[in-house]
Amino acid sequence: MPEPLSPVPVRKPLRPALFLAALFAAITFLVHFLTSLWGTHLGYGYFRDDLYFLECGRHLAWGYVDQPPLVALQARAAELLFGLSPTGVRIFSFIAHGITVALTGLIAWQLGGRRAAQFLAMSAVLAAPVLLGTGNFLTMNSFEPALWMGALLVVLRIVEGAAPARAWLLFGLLTGIGLENKHSTVFFLIALFIGLILSRQRRILFTWSCAAGVALLILIALPNLLWQWANHFPTYEFLNTVAHSDKNLKLPPVAFLVEQINILMFSNAPLWIGGLIWLAFAGPARPWRFVAFTYVIFLAMMMAMHAKDYYLAPIYPVLLAAGSVASAQINRRDWPLVVCAVALLGALCFASGPIVLTVLPPEHYLAYTAPFDPNSSRTEKFTSPFPQILSDRFGWPQMVEGFSTRYNALPPDVRARTGIFCSNYGEASAVNILGPAYGLPTAISGHQNYFYWGWNGYTGESMLTLGKDAKDYADNYAEVVDLGPFDAPWIMDHEHLRYLWLRHRKVPYAQAWPAIKYWY
């Protein structure tokens, strides 16, 4: 093992730290599992991305237009193991958030924090709205912080000399899987590399063991890279299109920084900001200085690219852990830290939990959360009565039932030749996941990876769709019949649409399909 670059902090035994971390992981899982079941009882259903990733899981590939393959594999495994239900398909996300919370406690231990510091750090991460929210549905963002914190813990151990050289292989495994989970891991790795280069710990990079870890990382990420190359880098095209569109809200630097405080909860701000300062300037934190550099560089990259505010979320557990350790060094007694942790758990129960989890009856949500103004933290132009992670769980069964009513009202000979076209992956996935129970045909779309899945042999002779106005389709169809409105309570504002019957497409789908591509 390499010699440590700085004195090793005195630590409590690892076994109790592992026990406390496992306890918090179990509590985190139960919070998600029970609130998801309760939410289903209250009427919260599948989230838009739940449905899309389930459909991706039924079309397994080494890549997709808008994500690497891991989340589709996660969706497929969840459906096969736990069945098709909103709670079942999210089980792995619940587990991932539990791992993130547990790793935060272990990082606090690694930084020299005693039990009270670990308790505070894990309470802070569990209560953080952005991490709590993304851990509650099927998404790439649930595994991202777990993989990043796992990799960072490995590096912290290597820096100290507490891990053998082969630990770089574990780093390569975690970050390689991270790249197959979400491409933003590239920017985390760049920031980590620069952070290490700027610190005294740079020497750990110039070893054969590090090279082996990087080689493993590349090997794991290679299938998706080859898929991107074979398909002419569709993810870059998609991201470039979005970057030059009006879809995402682009925040100026000061507003972006303010949102970091909002998404993590105001009461967590002293911890993570204090943790950043401690890592950057405190003498006992000298071995971990590279972590502060990593955060600042990552923050600068995200601000320069006008990224969504929550793209930084996966890196905050280490800052919350550092802030908890710094607090423990200031307060030699445990009770102030325990009081702070209990207060954060109270905020979980009465603030962040009700805001991002499915615990409030929908009819009471706005009244309860009004003091917190949860809709003030939007990342896209789309509006909704609730935050998107909740509003996008409403309306899908009603929408599919509406398609079924209109589809079954068609004459049998026409119905046999009728398909469904949807403008976005949420609508198409709802039809394809929920529609078979109603006897609906497969829905097609040009949105995201649906473009690659094609037109299902439809010519466009007879199609049902949802749209704003029949006039929008008059150029492509000989006849457009308005079949009435679709509406449901608490849905996204842009989903208040009308059912339309499109007849006799002027240019068949097979010929027009390239123009139907909609990567937005």
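Above this text you will find the structure in question.
Residues numbered from 1 in each chain as written. Predicted model: local features only at pLDDT ≥ 70, side-chain atom pairs only at ≥ 80, totals over all residues. Heavy atoms only, no water.

**Q** Would you mind going over a positive patch on the surface in detail, with residue names and values included?
**A** A cluster of like positive charges, contributed by Arg-200, Arg-202, Arg-203 and Arg-286, occupies part of the molecular surface. Mapped onto the secondary structure, Arg-286 falls in the loop between α13 (269–281) and α14 (289–304). Look at Arg-286 and you get partly exposed, because its relative accessible area is 43%. (Patch = residues over 30% accessible without salt bridge, like charges linked within 9 Å, V, L, I, M, F, W, Y side chains within 5 Å. Areas by Shrake-Rupley, 256 points an atom, 1.4 Å probe, with all protein chains shown as cover. Salt bridge = Lys/Arg side-chain N within 4 Å of Asp/Glu carboxyl O. Lys, Arg positive; Asp, Glu negative; His and termini not counted. Charge placed at Lys NZ, Arg CZ, Asp CG, Glu CD. Helix = DSSP H or I, 4+ residues; strand = E, 2+ residues; numbered from the N terminus. Buried < 20%, exposed > 50% of the residue type's maximum accessible area, 1.4 Å probe, protein only.)

**Q** Which residues make up the layout of surface pockets, and what are the values?
**A** By volume, the second largest pocket amounts to about 220 Å³. For the second largest pocket, the full set of lining residues is Trp-168, Phe-171, Leu-189, Leu-192, Phe-193, Leu-196, Leu-205, Cys-210, Val-214, Leu-217 and Ile-218. Listing elements by their share of the lining of the second largest pocket, those giving two or more residues are α8 (167–181), α9 (185–197) and α10 (208–230). Residues that form the lining of the second largest pocket fall into these classes: 11 nonpolar, no polar and no charged. (1 Å grid on protein atoms, 1.4 Å probe; cavity = no way out; pocket = protein on both sides within 12 Å on 5 of 7 lines; lining within 4 Å. Points joined across faces, edges and corners; volume = space filled by probe spheres on them. Nonpolar A, V, L, I, M, F, W, Y, C, P; charged D, E, K, R; others polar.)

**Q** Any details on the environment of Trp-38? Residues and values, ideally.
**A** Along the chain, Trp-38 turns up in helix α1 (residues 14–42). Of the residues examined, Trp-38 reaches a relative accessible area of 40% and is grouped as partly exposed. A sequence separation of 49 residues divides Trp-38 from Thr-87, and the C-alpha atoms of the two residues are 9.8 Å apart. Trp-38 has contacts with Thr-358 and Val-359, leaving out every residue within four places of it along the chain. Within the structure, Trp-38 has its side chain in polar contact with the backbone oxygen of Val-359 (distance 3.1 Å). (Contact = heavy atoms within 4.5 Å. Polar contact = N/O pair within 3.5 Å; in protein donor to acceptor, adjacent residues only side chain to side chain.)

**Q** Run through the environment of Ile-389, naming residues and quoting values.
**A** Assignment of secondary structure puts Ile-389 in helix α18 (residues 388–391). Expressed as a C-alpha distance, the spacing of Ile-389 and Lys-471, which sit 82 residues apart in the sequence, is 32 Å. Once residues lying within four places of it in the same chain are set aside, the contact partners of Ile-389 are Phe-47, Gly-133, Phe-137 and Val-356.

**Q** Just give me the short version of the nonpolar core, but keep the residues and values in it.
**A** Trp-278, Leu-279, Trp-288, Phe-290, Tyr-295, Met-399 and Phe-403 are the most contacted members of the largest nonpolar core, which totals 141 residues. Top contributing element to this core by residue count: helix α7 (residues 140–160), with 12 residues. Listed in part, the 16 residues of the second largest apolar core include Val-65, Phe-421, Tyr-473 and Trp-513. (Core = buried A, V, L, I, M, F, W, Y, C linked by side-chain atoms within 4.5 Å.)

**Q** If you had to explain the packing of aromatic side chains to someone new, which residues and values would you point to?
**A** For the structure on display, the rule yields 32 aromatic pairs. Residues Tyr-365 and Phe-386 carry aromatic rings whose centres are separated by 4.7 Å and whose planes lie at 50° to one another, so their mutual orientation is tilted. Placement of Tyr-365 in helix α17 (residues 362–369) and of Phe-386 in the loop between α17 and α18 is noted, with a sequence separation of 21 residues between them. Tyr-365 gets classed as buried once you look at its relative accessible area, which sits at 0%. One aromatic cluster is present, built from ring pairs that chain together Trp-227, Phe-421, Phe-451, Tyr-452, Trp-455, Tyr-509, Trp-513 and Trp-519. Positioned above the aromatic ring of Tyr-520 is the side chain of Lys-247, whose terminal nitrogen or guanidinium carbon lies 5.6 Å from the ring centre. Positioned above the aromatic ring of Trp-519 is the side chain of Lys-517, whose terminal nitrogen or guanidinium carbon lies 4.3 Å from the ring centre. (Phe/Tyr/Trp six-rings, centres within 6.5 Å; stacked < 30°, edge-to-face > 60°. Lys NZ or Arg CZ within 6 Å of the ring centre and 35° of its normal.)

This is a description of form; function is not addressed.
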